Amino acid sequence: MYKKFQNHLTEVLNSIESAGLYKNERIIVSPQNAIIRVADGKEVLNFCANNYLGLSNNSELKSAAMKALETHGFGMSSVRFICGTQDLHKQLESAISNFFGTDDAILYAACFDANGGVFEPLLTEEDAIISDALNHASIIDGVRLCKAHRYRYSNADMEELEKQLQAAQQQRFRLIVTDGVFSMDGNVAPLDKIYELANKYDTMVMVDESHSAGVVGETGRGVTELYDLKGKIEIITGTLGKAFGGAIGGFTTGKKEIIDLLRQRSRPYLFSNSIPPMIAAAGIQMFKMMDESNELQDRLHQNTEYFVSRMKNLGFDIKPTQSAICAVMLYDAKLAQKFASKMLNEGIYVIGFYYPVVPDGQARIRVQLSAAHTKEQIDKCINAFEKVSKELRV
Ligand SMILES: *Cc1c(COP(=O)(O)O)cnc(C)c1O
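Colleague: Report on empty space enclosed by the protein, specifying residues and quantitative values.
Modeller: A full pass over the atoms with the stated rule returns two cavities of 30 Å³ or more. As for the largest cavity, its lining consists of Arg80, His89, Leu107, Tyr108, Ala109, Pro268, Tyr269, Ser272, Asn273, Ser274 and Ile275. Looking at the lining of the largest cavity, the elements that each hand over two or more residues are strand S3 (104-108) and helix H11 (267-270). Residue composition of the lining of the largest cavity, grouped by class: six nonpolar, four polar and one charged. Here the second largest cavity is characterised by a volume of approximately 60 Å³. Around the second largest cavity sit Asn33, Ala34, Asn46, Ala49, Asn51, Gln368, Leu369, Ser370, Ala372 and His373, which together line it.

Next comes the structure, spelled out in structure tokens:
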């Protein structure tokens, strides 16, 4: 049997390769940071990590993790409800709900699991989920696992959302679900308008703050802060794997009864291991740092504004962004590929995105800013953009 299957897999892999979509992993031999060392010993400036606050190699987080390793051990060897809940897990959940101004929070191994386990326990075939077309894969999968009626609207298109809400009026409960920041353009969901429509059509709202938590809003509380909606959104999901230290872990936070029911029924919570104590301890320390100072958010916002304004002055075409994601538009797929590889020769690690990851003819270089970047490093990146665009006559 395997012989036939092997041939089949080889064919599939070849077709991925010949479509130019084969993903090769670059080996990094240093910690995650603004400067990373790759396997051949070369050092490059990193502009493609989700390390927005520069916390991935933060010494306070590392020492909190090491301390917990001593006091609370390495692993839990249990799901939460059997014997896998330590004081640290409860403290982290309460730090998360404090941060977002919500009632309670529930931890998962990843936000992929949080999104995978949020819809099915809460909604049934009597209900409706109205979803942005560009939502993250984990939201799409989570919705698939739920029997609720599905409605879809084009990215951030409020006219279409309203039409879908009208169509969904026959269902019992309705939930609009959206990413906070969309990772390809860096645009923010128009949560003010979504909230207005939700009220008009008696609907609940869920926001995935994975790319926005720590980043968007004056103090990094995410799109709910940007639109002054703290505590008003029923469900927020997010990750500890991006701005918040970048290790692992996800969460759902929001209304008390929602979190209570997820603890009883959410399958990735019930049937998957607790997060390690050191991850919980580092998370607690991270939220403490967020409460004490806004320095990292301020620096990230300054870095992003600086990058965007200098690039625009140089004539680069940048998608409007309200996050730390900047899409430098090149439109042509081959050009984007070539551009990114020339950038790497200049010591700048950025990624080219092209169809089918983004719409055909919308190829771009995605740049992700971090609080860890110095002005000199950002200047180097901009200078490389200038040089490469001259070489390629863009
Ligand atoms: C990254 C991301 C996730 C997945 O988070 P993990 O914790 O890495 O599983 C989910 N949703 C969105 C919007 C994301 O950007």
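More follows now that the structure is in view.
Colleague: Got a sec to walk through the site of the ligand? Specific residues and values, please.
Modeller: What surrounds the ligand is a group of 13 residues, the closest being Cys111, Phe112, Asp208, Thr239 and Lys242. Histidine 211 places a polar side-chain atom, nitrogen or oxygen, 3.3 Å from an oxygen atom of the ligand. When the ligand is considered free in solution it has 380 Å² of accessible area, and contact with the protein chains removes 83% of it. Residue contributions to the shell around the ligand peak at three residues, all from helix H5 (residues 111-116). By residue class, the composition of the shell around the ligand is three nonpolar, seven polar and three charged.

Colleague: Explain the pattern of salt bridges to me, and be specific about the residues and the numbers.
Modeller: Considering all chains together, one arrives at 20 salt bridges under this definition. The salt bridge involving glutamate 162 is made with lysine 200; its shortest N-O contact spans 2.8 Å. On the criterion of sequence distance, the pair formed by glutamate 162 in helix H7 (residues 158-167) and lysine 200 in helix H8 (residues 191-200) is long-range, its members being 38 residues apart. Given the relative accessible area of 21%, glutamate 162 is considered partly exposed. By relative accessible area, which is 56% here, lysine 200 ends up exposed. Across the pair arginine 299 and glutamate 295 runs a salt bridge whose closest N-O atoms are separated by 2.6 Å. Of this pair, arginine 299 and glutamate 295 both sit in helix H13 (residues 295-313), four residues apart, roughly one helical turn. Judged by relative accessible area, which is 47%, glutamate 295 ranks as partly exposed. Taken together, the shared-partner salt bridges in this structure form one network comprising Arg80, Lys90, Glu93, Asp104 and Arg263.

About the cut-offs
- Residues numbered from 1 in each chain as written.
- Predicted model: local features only at pLDDT ≥ 70, side-chain atom pairs only at ≥ 80, totals over all residues.
- Heavy atoms only, no water.
- 1 Å grid on protein atoms, 1.4 Å probe; cavity = no way out; pocket = protein on both sides within 12 Å on 5 of 7 lines; lining within 4 Å.
- Points joined across faces, edges and corners; volume = space filled by probe spheres on them.
- Helix = DSSP H or I, 4+ residues; strand = E, 2+ residues; numbered from the N terminus.
- Nonpolar A, V, L, I, M, F, W, Y, C, P; charged D, E, K, R; others polar.
- Near = heavy atom within 4 Å.
- Polar contact = N/O pair within 3.5 Å; in protein donor to acceptor, adjacent residues only side chain to side chain.
- Areas by Shrake-Rupley, 256 points an atom, 1.4 Å probe, with all protein chains shown as cover.
- Salt bridge = Lys/Arg side-chain N within 4 Å of Asp/Glu carboxyl O.
- Buried < 20%, exposed > 50% of the residue type's maximum accessible area, 1.4 Å probe, protein only.

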